[in-house]
Every structure is written in C-alpha cells, then in structure tokens.
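Topology and contacts: notes
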Amino acid sequence: MSENRQFDYVIVGGGSSACVVAARLVTEQKARVLILEQGPRNASQIMHYPAGYMKFLARDTYLTMHKTKDQPQLGGRGPIVPQAKVLGGGSTVNAMVYMRGQAADYDRWNEAVAEPGGNDGQWSYRDMLPYFRQQEDNDHLAGEYHGVGGPLKVSDLGHTSPMTRTYMKTLQGMGIPYNPDFNGLRQFGVGFMQHTMDWEKRRRCSAVDAFLAPVMGNPLLTIETSATVTRLCMEKNRITSIEYVQGGNSKTATADVEVLLAAGAYQTPKLLMLSGIGPEEELARHGLKTLVSLPGVGKNLQDHYEVPVVATTRGAFGYFGQDRGLAMLRAGLQYLLFKSGPVTTTGVETCAFFDPDGNNEIPTIQMFCVPTVYLDRDVLGTEPGDGVTINALLLRPKARGSVTLASADPFANPVVDTQIFGHPDDLRLSMAGFRFARSVLSASPMRELIEREIFPGPYVTSDEAIAAHCRRTVKTGYHPVGTCKMGCDNDPEAVLTSDLKVRGLDNLRVIDASLMPTIVSGNTNAAVLAAAAKAADLISN
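All of these numbers come straight from a predicted model, not from anything done at the bench.

On to the overall build of the protein chain, then. From N to C terminus, the protein chain includes 13 helices and 24 strands. Radius of gyration (C-alpha) of the protein chain: 23 Å, near the 24 Å computed for a compact globule of 541 residues. Taking the principal axes of the C-alpha coordinates as reference, the protein chain spans close to 70 × 50 × 50 Å. In the protein chain, buried positions account for 60% of the 541 residues. Partitioning the contacts of the protein chain with sequence separation of at least 6, the portion at a separation of at least 24 is 69%. Surface accessibility of the protein chain: about 20,600 Å² in total, with carbon and sulfur atoms responsible for 51%. Measuring between centres, the 52 positive side-chain charges of the protein chain sit 4 Å from its 56 negative side-chain charges.

Structure representation (structure tokens):
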C-alpha cells in the first residue's frame, strides 16, 4: 500500500549538504522539509570519538562499498570506492579533515559557469569565502580567512605522535616551509591539519551536530532513514513526486516547491538516469524512456588518488597496536576521564602540499604521514608492525571517469568507472610524488627512526617498476565529485545551471559534490558544506 505525504521541499540523501540546506529552509523559510536517507539515523557512539572512524573504515556498516569497473591501465584492478550511508553522510564517517583547497579551485568553478557577456558566475573564491567564514567556529584562528561563532567547530587534534612531529621537521629541512594554516593565504608547506572537532568536548562535529541537531525538534522537519528513493516522477518539466521504499513498503512524497538531490556523486546521477534524465543511449540500453536528454549526467567523475611507501621503524613512534588489548583500554580510559590521549587523534595529523614540477604556488600533491603500517597484509606481503606510511595524493587528476547504470533496478549499485591514471600526466605526477615521499624516509631526522623500507622495497627504482607499484597500490582518497556538474549553456555536458537547477526542469536542483565542475585541491567536505550554504541562498532567492 502506497503512502503519499506533502512537503515544500524533499531532499534526497541525508549527507553534509542536506543537513546544511534543510536547517536553513526550516529556520529561515519556515518550510516543510523531508530528508530521505538510505542509511541509519544514528552511527555508533564510537564514531563521535576522533579515532573512532578507523573501526569502521573497512566495513559496510555505514558505507556502501562500490566495486568499480576493472581498469586495463591498472592491470585489470577495480578498486573499491566507499560512499557514506548514514545521516550526516561523509561528515559522520570521515577523518574529519577541514581543508578548503586553493583559491584557484573556486575561480575555476566560476570560469566554468560564467556566461560570455552574461553573469559572472558568482562561484569564485571571493564569492565562496564568506560562506566558509559564516559556518566556522575556529578554536584558535580568526581574521580574514576564518570565522568565529559559526555552527561548525574547527580545531587542531588533541594528540600528535612523535612520528608526526618528526615528519614535519624533516620536510622543513628538505625545503618545504612550515604552514600554520592551509586554509589561509597559501597552501604550499607542511603543517598540522585542521579538523571538524569540538575542541572543548574532543568530539567529532559532523554536519548533523553542527547544522541539523538544532532543528531536530522542529515539527517542520521530517527525517526518514533506511529509505531508498527509487524514482523521481515527472510531468512536463516538473518533478511531481518522489517514490521510495522503506521497511519493504512503497511510499510517495510530494514537493510543492522543489526537490533537492543530495545523494552523492554516485547515487545522484544514478537516480536521475533511473528517472529518465540523462544520456539517451545509456537510458535506452536499460529500456528507460528519455524524458530529459542530458548527456553529462554521470560524466566528469573525479576523485583524489594516493600511492604509498611504507617503512618499519626502530621503535613505537606511532599508533600500531593502539586499537586493541590493554593499549586500547588504557587509551579509552584516558579519553573518558581526561579527554586526552590517542583517542583524540584521527591518526593522520599532518600533511604537506607541494608540486614536484616546482610550481609550489599551485601544489599538485598532498602528502600524508600515517604513523603506522597502513596497508593490508595481502598487499604488503608481510605482517603489519610499528612503522610509517607516506601517501602521495594527486590533487587534480586530468582523467575523467563516469557513473552509469548496472540495470534498471533501483536497488543495484551503479557502475563506477574511475579511469585512475587514464591520463599519462596523472601517473607521471603520482610517480614523482612517490619518489619524494621515499626521499623523506632517508632524510634527517626521519631516517633516525626508520629501520627499512618494506613496501615496495628499496630495489624498486626504475621508472617501469615504480609505475607498476603505483598501478598496483593506487587507491581512492574518498572524494568523488563532479558527475552532475554545473556549467555554461554552451557546455554540452553541463547538467546544472549556475543556480544548481537541473537543465530542462523547473523544480529540481543538485546540492551535493556532484555539482563541482572540477575537484578542489584538498579533502572535499569543507567545500561541500560551503557550496550547500550557497545553495540555500540560491533556493531562497
């Protein structure tokens, strides 16, 4: 039996952007808002602890594990790419890094949407900075680039390892300057990463905590979890209703004003295509009628990709073994009693931004120091132990992947074609990043802590061998974007207008990471939150 309910706005997906926009619509517009989230309403209490997310990284409890299309350029590998499946989305399960990227990233967005002789886009860094500042309540930074008093708590972590501090000193000795604020004037340098953590409580500050929790009791807000949206129903150029399944029951919701898609870079294009909105050939392949022809739906997939080098150490300078046994109990007790110790870290405390080609004003690599052996035994070929993993992550890959339908079944995951290293420059830069990461291990004072490189091993030195290592080990940075990009009228693959409306439809917008024309140069959650704040303004105006 179908149930039909009426709202002003229906938001499909309950991630970071949904939390921001729903809160604004309820409080400022006094609108009736329905959020439909596929995952559960609450995550484990452990996820509120900064270190807690590591317990769930390899599980599907709060993640959908997408098995990607086999990649010939990776020797037939099809890496797993997870997507959050819980209220709050990535902000509930991620490593909490608050990284905006480079000013030029947003200026590129603006160039993508600015019409010749028409609007100036209004997505530049100058346009976006006020949204970052309005949202932020920074623990110790203020001024031109930071906000104080906003709903989103941002701070340093409560604990750092000896390996982290050694890494930072080593990089400075190698000519990478200390940067006290990656979200400030420039990104180049090495430093501590800011995180979405409440400094006083030493707890995660998710989008639910920051934006949604204050309006949870508002009768205008309805949140339905464990709800899978199956189709957007359309008449002429309007979405008339949303069909979804919850607890085995088919239900329908109607949005009097607009439908907002916030299901993420994999699920948002999937839902559009299932509803007859997308590339005609792709829809016909699955027996779906094209209602709105948009060739760009599912195209332009971008992500960050990283390659590791791993070494053992001469002692315990990081976090190996801290998540079990007496060490775990001791750390847990210290956290509960004093809000200090290893539980107050995410385990990844520092990074460096640089460009192997020397243009450090616009870094192309983000290099993380993970103070443990951060690889599965099957890949590593040996037992994990005390050590360090240095990951070189490619910030702006040139290759573009895609998301297509596996079938017309709304419960089937889409086909994700990553195209990792599909452009030769992506592999070249990743190899250069790997070489620099390896050189860190042999520089002082890091080398005094290092026992030996164990993966890929010091014998891997030729271009061919390093390229093979990169292809074998490259993995996602968990930042998929771009599959319903905004763009100009003359861009045949632009899915959205500059005000985030789906082209050809009057009452449908996309407000999640799918909207990005190009990926930002850093962890994407901060950019998604700010873009959602701008989306709320666009919706309200």
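Now that the structure has been shown, we can carry on.
Moving on: the packing of helix α3 (residues 103-113) against helix α4 (residues 125-135). Packing of α3 against α4 leaves a shortest axis separation of 8 Å and a crossing angle of 120°. By the angle between their axes, α3 is oblique relative to α4. Note on element contacts: α4 touches α3 through Y125, D127, M128 and F132, opposite A103, Y106, D107 and N110. Looking at the contact of α3 with α4 residue by residue, the classes come out as five nonpolar, one polar and two charged.

It is at 8 Å that the axes of helix α1 (residues 16-28) and helix α13 (residues 525-540) come closest, and there the two elements cross at 35°. As for how α1 packs across α13, the hand of that crossing is right-handed. Listed contacts from α13 to S16, S17, V20, V21, R24 and L25 of α1 are N525, V528, L529, A532, A533, A535, A536, D537, I539 and S540. When its residues are assigned to classes, the contact of α1 with α13 shows 10 nonpolar, four polar and two charged.

With respect to the helices and strands, S439 occurs in helix α11 (residues 424-441). On a C-alpha basis, the gap between S439 and M174 in space is 9.4 Å, while along the polypeptide they are 265 residues apart.

A few words on unusual backbone geometry. Note the cis peptide between S444 and P445, where omega equals 5°. Looking at the element boundaries, P445 is found in the loop between α11 and β22 (450-455). Following F455, the chain continues into P456 via a peptide bond in cis, with omega recorded as 5°. Along the chain, the position of P456 falls in the loop between β22 and α12 (463-473). Phi at K30 takes a positive value of approximately 55°, unusual for a residue other than glycine. For K30, the position within the fold is in the loop between α1 and β2 (33-36).

Throughout the structure, instances matching the rule amount to zero disulfides. Here C351 stays free of any disulfide, with the sulfur of C369 as its closest cysteine sulfur at 10 Å. A residue is classified by how much of its surface remains accessible, and C351, at 0% relative accessible area, is buried. Considering cysteine sulfurs only, C484 is the nearest to C488, which forms no disulfide, with 17 Å between them. For C488, a relative accessible area of 7% gives the class buried.

So, on to a nonpolar patch on the surface. A grouping of L326, M328 and L329 is seen on the molecular surface, where their side chains present a nonpolar patch of about 320 Å² in accessible area. With respect to the element layout, M328 can be found in helix α9 (residues 325-338). A residue is classified by how much of its surface remains accessible, and M328, at 34% relative accessible area, is partly exposed.

Another aspect to go through is the side chain of D512. Its place among the elements puts D512 in the loop between β24 (508-510) and α13. The buried charged residue D512 lacks any salt bridge, with K270 as its nearest oppositely charged partner at 13 Å. A polar atom in the side chain of D512 sits 2.7 Å from the side chain of T268. If sequence neighbours within four positions are ignored, D512 has contacts with S17, L261, A262, A263, G264 and T268.

Our focus in this paragraph is empty space enclosed by the protein. Counting across every chain of the model gives one cavity of 30 Å³ or more. As a volume, the largest cavity reaches approximately 30 Å³. In terms of lining residues, the largest cavity is bounded by Y98, M99, P180, D181, F182, N183, F192, M193 and Q194. Taken together, the residues of the lining of the largest cavity break down into six nonpolar, two polar and one charged.

Residues I11, V21, L212 and L508 are the most contacted members of the largest nonpolar core, which totals 92 residues. Among the elements that take part in this core, α13 stands out by supplying 11 residues, more than any other. Leaving out residues up to four positions away in the same chain, L212 has contacts with C19, A22, I35, L87, A207, L221 and I223. The next biggest cluster of nonpolar side chains, apart from the first, holds 38 residues, and it includes Y305, M367, F421 and I450.

Further remarks concern the environment of A23. Note on placement: A23 falls in helix α1. Residue class for A23 comes out buried when judged on its relative accessible area of 9%. Linking A23 and G487, residues 464 residues apart in sequence, is a C-alpha distance of 27 Å.

The next point concerns the pairing of β2. It is a general feature of regular strands that their side chains alternate between the two faces of the sheet. Burial of β2 is two-sided: the residues V33 and I35 facing one way and the residues L34 and L36 facing the other way are all buried. Strand direction decides the pairing type here: β2 and strand β10 (residues 221-224), joined by four bridges, are parallel. Across the sheet, V33 pairs through a bridge with L221, a residue of β10.

Now for the layout of surface pockets. Reported here for the second largest pocket is a volume of approximately 230 Å³. In this structure, the second largest pocket is lined by 16 residues; those nearest its centre are Q102, A103, L185, R186 and Q187. Class assignment for the residues of the lining of the second largest pocket results in eight nonpolar, five polar and three charged.

Criteria and thresholds
Residues numbered from 1 in each chain as written. Predicted model: local features only at pLDDT ≥ 70, side-chain atom pairs only at ≥ 80, totals over all residues. Heavy atoms only, no water. Helix = DSSP H or I, 4+ residues; strand = E, 2+ residues; numbered from the N terminus. Rg over C-alpha atoms; globule rule 2.2 N^0.38 Å. Buried < 20%, exposed > 50% of the residue type's maximum accessible area, 1.4 Å probe, protein only. Contact = heavy atoms within 4.5 Å. Areas by Shrake-Rupley, 256 points an atom, 1.4 Å probe, with all protein chains shown as cover. Lys, Arg positive; Asp, Glu negative; His and termini not counted. Charge placed at Lys NZ, Arg CZ, Asp CG, Glu CD. Axes fitted to C-alpha atoms, helices over the stretch in contact; angles between N-to-C directions. Parallel < 35°, antiparallel > 145°, perpendicular 65-115°, else oblique. Nonpolar A, V, L, I, M, F, W, Y, C, P; charged D, E, K, R; others polar. Left-handed = near helix turned anticlockwise from the far one by under 90°. Disulfide = S-S within 2.5 Å. Patch = residues over 30% accessible without salt bridge, like charges linked within 9 Å, V, L, I, M, F, W, Y side chains within 5 Å. Salt bridge = Lys/Arg side-chain N within 4 Å of Asp/Glu carboxyl O. Polar contact = N/O pair within 3.5 Å; in protein donor to acceptor, adjacent residues only side chain to side chain. 1 Å grid on protein atoms, 1.4 Å probe; cavity = no way out; pocket = protein on both sides within 12 Å on 5 of 7 lines; lining within 4 Å. Points joined across faces, edges and corners; volume = space filled by probe spheres on them. Core = buried A, V, L, I, M, F, W, Y, C linked by side-chain atoms within 4.5 Å. Pairing = 2+ DSSP bridges.

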